[in-house]
Amino acid sequence: MSSKLLHESEFARAVEIERTQGTVPVRHPWRIVSGVLVGLVVLGAIVSVARNEAFQWDVVAEYFFSGRILHGLWLTLWLTAVSTVLAFVVGTILAVMRMSHNAVLQAVSWAYVWLFRSIPLLVQLLFWFNIGYLYPKISLGIPFGPEWFSIETSDLIASSMVAIIGLTLHESAYAAEIIRSGLLSVDAGQTEAAEALGMPHGRILRRIVLPQAMRVILPPAGSLLISTLKATSMVSVIAVTDLLYAAQLIYNQNFLVIPLLMVVTIWYLILTSLLSVGQQFVEKRFARGTTRTATSTSLGTEADI
Amino acid sequence: MTETQIGADTLDAGTDTRGVSIRNLRKRFGDGPYVLDGIDLDIAKGELVCLIGPSGSGKSTLLRCINLLEKPDSGVVRVGDMLMGQELRDGKLHALRPRRYRAQQARIGMIFQQFNLFPHLTVLENVIEAPQAVRGQGKAEAVENARRLIARVGLADRENAYPRQLSGGQQQRIAIARALAMEPDVLLCDEPTSALDPELVGEVLEVLRDLAESGMTMIVVTHEMAFAREVADRVVFMSDGRIVEQDTPDRIFTNPREERTRNFLRRVL
C-alpha cells in the first residue's frame, strides 16, 4: 500500500472527474477467462458422452418411456412420497417428545434416533425383510399375558411394506433432528408470549413455533427428501421393483447395462431437479414476514383475511 | 400511600372487586441467590403500581411469577378470584396442570420488553389469534374487536403490515392491543419502553397512560421515572429480591425513607 498523502488539488480533481465521467469499476478479467474454460470443459464432456457409441443412446431412448421402467419409476415415487410423509409425521412427534419436560418421552425419542440413525438403511431393509425368521407370528395382547389376535408375519409384511417400514424408520430419525433444530431456532419469547396469552400447547406449536421453524427446517428437509428418493434404490435388494430394480431386471436379460443405467440416472436427475425447484417455491411461502419491504409476495397475499 | 390491605383472609369474598395479592413469594434459579426473597404485595383493582429498582433486583421475575411464566419456589399469588397455579382441594394445596393454569394465564395480560409479536403473522392476525384460540371467539367477532383495539393504539391503517415493517414503538403498541384483546383482569408490563429508541418511548407511554385512566389494573416494571411519577398510584422500590419501600410517587421521589432508595434515585434521576 502506498501511503502517499492525498493533495488538496488531487481531491478537487477527483471530485471534478467523478462528477463528469464517474468512476471506472473494478474489472474481473479472470472471471471471464475461467468462465470460458469451464464452459469448454463442460461442452467437451457433453459432446464426448453424446458421441460415445458405448452409451448406446438409441437404446436409452428406446427404454426411457418403456412400461417396465415407468412402472418402476412410479413405485420409486410412491415409496418416496409415503415414507417421506410418514418420516416427517413421526419425526415431528419425536422432536416434540425430545423437547418436552417428560423424562420418559425424552429418553424414548433419544433412543429411537440413536438406534435408527446407527443402523445402515441397507442392513435395516435386509433385517425387516427377514423378520419372519425371528418372529414367525405377530400377535396382539398383553406381554406375558393373554393373546387376542395373531397373524403370520410373512402374510402381514409384503416386500413393499418392508421397504416403507425400513425407509420410514431410517428417515424419521433424521427428520426428528431436522425438526428439532428448527424448533430450537425459534426465540423462546415467542412461546412465552403465546403462553402468556393462555394458548394451549398444541396450538402454540402449530400456529406460532412450527411456522417460524419451517424456515430453518426446509433446506435440510429438502435434502432429506432428495436423499430418500435416491435411498429408495436400495429396496432393489429386497426385490421391490423400483426404478433401479426394473432396469436391473431388463439388463439381466439383454446385457445392455450402461444404457439402462443411463435411463435410471436421467430419471433421477429429472426428479431431483423438480424437487429442487419445488423447494424454492415452498421456501418463499414460509419467508412470510421476514422482510421489511412488500406486504405481499409473488405467491399471493395472505395478508387480506 | 394508597391503603389496599387485601389479605388471604378475604379469599372467598366477591370476585370483582379484588386486585392482586402476593404472599411469601420466593424464587431462585438453580443454586443461585434468591431472586425473590419473600415478597408480600397487594395491588387494588384499578390501581397502577410501578416497580422500580436496580437491575437484578427481581422486578421482572416478580411479574413472571404472577402470570406463571416462572414457577415460584414457594408462596401464593392471587389475581382476582384465581389462586395462580394452585388449587385448594381436600384441605391441601395442589399444583395445577398446565391445561388448567393456561386458562388463568389467559386472564392476565403481559407486555414484554422485546414485544414478542409473532413475526409470521400480520398485525391483525397477531391480535385475533388468542381470542379465537382461547376465548372461542368467531373470526368476525375477533376481527371486529381487534380493529377497535388497533385503532385505539393509533395504528388503524397498519393492520395488514407484518411486525418487522413497523417501528419498535408501533410494535409495542400492537403488543398492547394483542394483550387487551383477551380482556385481561390485570396488565403486567415488563420494561415496556426499554428496547425503544428515545423518541419512540412517548407514544407507548401515552397508550399506557390512556389505559391507566380507563381503570385497568396495571403493574409496570419501568426505568421511566417521569412516567412512574406522573401516572403511578404507588411506587414500589425493590432491591436484592425484597421490597425495600413503597409509597406514593410524590413521597418516594421527593422524600424516600430508606437509604437504598435514596442511593438508587440519586443514580437514575
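Numbers given to residues run from 1 along each chain, matching the order in which its sequence is written. Each chain is given a letter, starting from A, and each ligand a number, starting from 1, according to the order in which they appear as written. For a predicted model such as this one, the threshold for reporting local features is a pLDDT of at least 70, and the threshold for listing and counting side-chain atom pairs is 80 or more; totals across whole chains, interfaces and linings nevertheless cover every residue. For side-chain calculations, the full set of non-hydrogen atoms in the structure is used, while hydrogens and water are omitted.

S.K.: Is there a simple way to explain the overall build of chain B in this structure?
M.R.: Secondary structure elements are defined from DSSP: runs of H or I of at least 4 residues count as helices, runs of E of at least 2 residues count as strands, and each element is numbered from the N terminus. A count of helical and extended segments in chain B gives 9 helices and 12 strands. Here the C-alpha radius of gyration of chain B, 19 Å, is about what a compact globule of 269 residues would show, namely 18 Å. With the C-alpha coordinates aligned to their principal axes, the bounding extent of chain B is approximately 50 × 50 × 35 Å. The classification of residues rests on relative accessible area computed with a 1.4 Å probe and restricted to protein chains. Under 20% of the type maximum is buried, over 50% is exposed, and intermediate values are partly exposed. A burial count over chain B gives 58% of its 269 residues as buried. If you take every contact in chain B between residues at least 6 apart in sequence, the share linking residues at least 24 apart comes to 64%. Accessible area of chain B: about 11600 Å², with a carbon and sulfur share of 45%. His residues and chain termini do not enter the charge count, which takes Lys and Arg as positive and Asp and Glu as negative. Taken as the charge centre is NZ of Lys, CZ of Arg, CG of Asp or CD of Glu, depending on the residue. A gap of 5 Å separates the mean positions of the 36 positive and 39 negative side-chain charges of chain B. The reference for a compact globule is 2.2 Å times residues^0.38; the radius of gyration itself is calculated from the C-alpha atoms. Residue contacts are counted whenever heavy atoms from the two residues lie within 4.5 Å of one another. All accessible areas in this document rest on Shrake-Rupley with a 1.4 Å probe, and a residue is counted as covered only by the protein chains that are shown.

S.K.: Looking at this structure, how should I read the interface of chain B and chain A?
M.R.: One widely used convention gives an interface's size as the accessible area the parts lose upon coming together. The partner chain A presents 30 residues to the 32 residues of chain B that form the contact. In this description, buried area is defined as the sum, over both parts, of the accessible area (probe of 1.4 Å) that is lost when the two are combined. Together chain B and chain A conceal approximately 2800 Å² of surface at their shared face, both sides included; 53% is due to carbon and sulfur atoms. By convention in these notes, a salt bridge is any Lys or Arg side-chain nitrogen within 4 Å of a carboxyl oxygen on Asp or Glu. Taken together, chain B and chain A are joined by 4 salt bridges. For the salt bridge of Glu-129 of chain B with Arg-207 of chain A, the shortest nitrogen-to-oxygen distance reads 2.6 Å. Each polar contact in these results corresponds to two N or O atoms within 3.5 Å; when the atoms are within protein, one needs to be able to donate a hydrogen and the other to accept it, and residues that are neighboring in sequence are counted only if both atoms are side-chain atoms. In this structure, the connection of chain B to chain A is made through 8 residue pairs in polar contact (both at pLDDT 80 or more). Looking at the side of chain B that touches chain A, the elements with two or more residues in it are helix 2 (98–105), strand 8 (108–111), helix 3 (123–134) and helix 5 (168–180) of chain B. In terms of residues, the side of chain B that touches chain A owes the most to one element, helix 3 of chain B, which gives 8 residues. Of the residues in the side of chain B that touches chain A, the class split is 17 nonpolar, 8 polar and 7 charged. Each residue gets one of three labels, nonpolar for Ala, Val, Leu, Ile, Met, Phe, Trp, Tyr, Cys and Pro, charged for Asp, Glu, Lys and Arg, and polar for the others, Gly among them.

S.K.: Which parts of the structure should I look at to understand the pattern of salt bridges?
M.R.: It is possible for side chains bearing opposite charge to pair when their charged atoms get close. Counted according to the given criterion, the structure contains 27 salt bridges over all chains. One salt bridge in this structure joins Arg-26 of chain B and Asp-37 of chain B, with 3.3 Å as the shortest N-O distance. Of the two residues, Arg-26 of chain B is situated in strand 1 (residues 20–28) and Asp-37 of chain B in strand 2 (residues 34–43); the sequence distance between them amounts to 11 residues. Glu-206 of chain B is the partner of Arg-209 of chain B in a salt bridge, and the nearest nitrogen-oxygen pair spans 2.9 Å. Remark: Glu-206 of chain B and Arg-209 of chain B occur in helix 6 (residues 198–213); sequence separation between them is 3 residues, near one turn of the helix. Among the charged side chains, a network of salt bridges with common partners joins Arg-98, Arg-117, Glu-177 and Arg-180 of chain A.

S.K.: Help me understand the state of the cysteines, please; the structure alone is not making it clear to me.
M.R.: Working definition: the covalent bond between the sulfur atoms of two cysteines is a disulfide. Residue and element names in this part refer to chain B. Count a disulfide wherever a pair of cysteine sulfur atoms falls within 2.5 Å. Following the criterion strictly, the structure yields 0 disulfides over all chains and no others. Just so you know, Cys-65 is unpaired, no disulfide at all, and the nearest cysteine sulfur is the one on Cys-189, 17 Å from it. Free cysteine: Cys-189, not disulfide-bonded; nearest cysteine sulfur from Cys-50 at 9.0 Å. Judged by relative accessible area, Cys-189 falls into the buried class, the value being 0%.

S.K.: Help me understand the environment of Phe-112 of chain B in this model?
M.R.: The topology assignment puts Phe-112 of chain B in the loop between strand 8 and helix 3. Considered as a pair, Phe-112 of chain B and Cys-189 of chain B are 77 residues apart in the sequence and their alpha carbons are 6.4 Å apart. The residues contacting Phe-112 of chain B, other than those within four sequence positions of it, are Glu-192, Ala-193 and Ala-196 of chain A together with Leu-69, Gln-172 and Asp-190 of chain B.

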